[in-house]
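Residues per chain, in single letters:
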Amino acid sequence: MTNVDPKVLGHRYYEAAELLLNLGHYSSAIPYAEKAIQILERTTFGVNSGLGYAVNCLARLYDSMGNRTKAGQLYEKALYVRKRSLGNNHILVANSLNNLAIFCQGNDRLWDALPLFKSAIEICEKLKGKNHPDVADFLNNMAQCLEKSQNYEEAEEMHNKSIQIRQLSQGEFHPKIAASYINLGNINKAVGNYNNAEKYYNKAHEINVAVYGEDHIIIAMDHENYGDLYTLMGNTYLASCSFKKCYDIRRKFLGEDHEQTKRIFQIIENSEWKAASYSTSRVHVLCF
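Source: prediction; values computed, not measured. By convention here, each chain's residues receive numbers from 1 onward along its written sequence. The model is predicted, so local features are restricted to residues of pLDDT at least 70 and side-chain atom pairs to those at 80 or more, both for listing and for counting; the totals for chains, interfaces and linings are taken over all residues. Excluding hydrogens and water, the side-chain figures rest on all heavy atoms present in the structure.

Chemist: Pulling in residues and values, what's your account of the overall build of the chain?
Modeler: Scanning the chain from terminus to terminus reveals 13 helices and 2 strands. Along the first, second and third principal axes, the C-alpha atoms of the chain reach 75 × 40 × 35 Å. Relative to its full complement of 288 residues, the chain shows a buried share of 43%. Considering only residue pairs separated by 6 or more positions, the chain has 55% of its internal contacts joining residues 24 or more positions apart. Per element, the accessible surface of the chain, about 15000 Å² overall, is 50% carbon and sulfur. Looking at the chain, you have 32 positive and 32 negative side-chain charges, and the mean spots of the two groups are 6 Å apart. Secondary structure elements follow DSSP: runs of H or I of four or more residues count as helices, runs of E of two or more count as strands, with numbering from the N terminus. Relative accessibility thresholds used throughout: buried, under 20% of the residue-type maximum; exposed, over 50%; partly exposed, between the two (1.4 Å probe, protein chains only). Throughout, a contact is declared for two residues whenever any of their heavy atoms are within 4.5 Å. Only the protein chains shown count as cover for residues, and the accessible areas themselves come from Shrake-Rupley with a 1.4 Å probe. Positive charges are assigned to Lys and Arg, negative charges to Asp and Glu, while His and the chain termini are left out of the count. Taken as the charge centre is NZ of Lys, CZ of Arg, CG of Asp or CD of Glu, depending on the residue.

Written out as structure tokens, the structure is:
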């Protein structure tokens, strides 16, 4: 029987685990990821970049399955392995810092997450330049963490930096720019700056329509954002129109029984302005 290089064999197990992870077969993927780690830890005493990929894959698996304790330990191990293998200033180290920061943010460890995001940004700027799209990704992630900690002013600054980078590197009409405008709209909505929020939602909607067209599932989220905003502004007519547009798109693409469709249905059903333009058999959009 032909001997297989342990690094190659370990990578094959990792690829199998990654494939199963992407298919959502988490339990089936775990033995492959664990086998990959077991093999790669024996090659050059675990000092190789492939081990970092395998450990990070196992972390994502446990994270997806809701095992936060195990996932956190593995994200930290992936960072340690990559630093030991590649040094402190490598893009994969930046990626691991970002992954660990996202994990901390998701578990309300915001003050642990922020310095990790900052370190990831610094490494990425040093290696790829300050106007690289990857820097914009990291800035956006840190901005969302700042937003969650209600540090709205700094979050807004980070989102604007991210937008500027993307406009330079990817053009004016990019879906990630639209996502940043939505985040800016959400920030302004949270602090009561409703007119500014509407302006940012308008910019996001313009990009999304240009990229996806008027009749796309992404556009439903734009209409939901408008509906929430106009409800806060007390404009029941525009809120009604927006929620109904959202409902019609989601019903078309997701079906009437999907939880997101039913949630918007309940918003309309429970609202005081439903009677004039709503029927239980169909929601009619009367706005143009």
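Chemist: An account of helix α12 (residues 236–254) is requested, with residue identities and associated values reported.
Modeler: For a helix, the expected span equals 1.5 Å multiplied by the residue count minus one. The terminal C-alpha atoms of α12, which comprises 19 residues, lie 26 Å apart, in line with the 27 Å expected from a rise of 1.5 Å per residue. In the stretch just after α12, Gly255 is the one whose phi turns positive, near 90°.

Chemist: Quick one: what's the story with unusual backbone geometry, residue by residue and with numbers?
Modeler: Of note in the backbone geometry, Asp108 takes a positive phi value of approximately 60° without being a glycine. With respect to the helices, strands and loops of the structure, Asp108 is situated in the loop between α5 (91–106) and α6 (110–128). Here Gln150, not a glycine, exhibits a phi torsion of approximately 65°, which is positive. The topology assignment puts Gln150 in the loop between α7 (133–148) and α8 (152–170).

Chemist: So, the side chain of Asp222: which residues are in play, and what are the values?
Modeler: Within the secondary structure layout, Asp222 lies in helix α11 (residues 217–233). For the buried Asp222, no salt bridge is present, and the opposite-charge side chain at shortest range is Arg250, 9.0 Å distant. Beyond its immediate sequence surroundings of up to four residues, Asp222 is in contact with Ile182, Ala204, His205 and Asn208. A carboxyl oxygen of Asp or Glu within 4 Å of a side-chain nitrogen of Lys or Arg is what we treat as a salt bridge.

Chemist: Any details on helix α1 (residues 6–22)? Residues and values, ideally.
Modeler: The terminal C-alpha atoms of α1 lie 24 Å apart, and with 17 residues this matches the ideal 24 Å at 1.5 Å per residue to within 8%. Inspection of α1 places Gly10, Tyr14, Ala17, Glu18, Leu20 and Leu21 among the buried residues, and these make up the whole buried set. Looking straight down α1, one finds its buried side chains confined to an arc of 165°; they lie on one side. Turned more than 90 degrees away from the buried face of α1, the exposed residues are Arg12, Leu19 and Asn22. Throughout, the arc means the angular range of directions from the helix axis out to the C-beta atoms.

Chemist: Could you give me a rundown of the packing of α7 against helix α9 (residues 175–190), with the residues and numbers involved?
Modeler: It is at 11 Å that the axes of α7 and α9 come closest, and there the two elements cross at 15°. With respect to α9, the axis of α7 lies roughly parallel. Crossing of α7 over α9 shows left-handed handedness. Residues Asp137, Asn140, Gln144 and Glu147 of α7 pack against Lys176, Ser180, Asn183, Asn186 and Ile187 of α9. To get an axis, fit a line to the C-alpha atoms, keeping to the stretch in contact for a helix; angles then go from 0 to 180 degrees between the N-to-C directions. Roughly parallel means an angle under 35 degrees; roughly antiparallel means over 145; roughly perpendicular covers 65 to 115; every other angle is labelled oblique. With the far helix as reference, a near helix turned anticlockwise by less than a right angle produces a left-handed crossing, and one turned clockwise produces a right-handed crossing.

Chemist: Requested: an account of the state of the cysteines, with residues and values cited.
Modeler: A pair of sulfur atoms, both from cysteines and within 2.5 Å, is called a disulfide here. Summed over the entire model, instances satisfying the criterion amount to 0 disulfides. For the unlinked cysteine Cys124, the closest cysteine sulfur is that of Cys145, found at 18 Å. With a relative accessible area of 0%, Cys124 lands in the buried category. For Cys246, which is in no disulfide, the shortest distance to another cysteine sulfur is to Cys241 and amounts to 13 Å.

Chemist: Got a sec to walk through the packing of aromatic side chains? Specific residues and values, please.
Modeler: Pairing of aromatic side chains here covers Phe, Tyr and the six-membered ring of Trp, requires ring centres within 6.5 Å, and sorts the geometry by plane angle: under 30 degrees stacked, over 60 edge-to-face, intermediate tilted. Here the structure, examined in full by the defined rule, presents 7 aromatic pairs. Aromatic pair Tyr14 and Tyr53: ring centres 5.9 Å apart, planes at 45°, arrangement tilted. Taken as a pair, Tyr14 in helix α1 and Tyr53 in helix α3 (residues 49–64) lie far apart in primary sequence, 39 residues in all. Classification of Tyr14 by relative accessible area gives buried; the value is 14%. Between Tyr226 and Tyr230, the ring centres sit 5.8 Å apart and the planes meet at 5°, which makes this aromatic pair stacked. Residue Tyr226 and its partner Tyr230 are located together in helix α11, separated by 4 residues, close to a single helical turn. Residue class for Tyr226 comes out buried when judged on its relative accessible area of 9%. Taken together, Tyr201, Tyr226 and Tyr230 form an aromatic cluster joined through their ring pairs.

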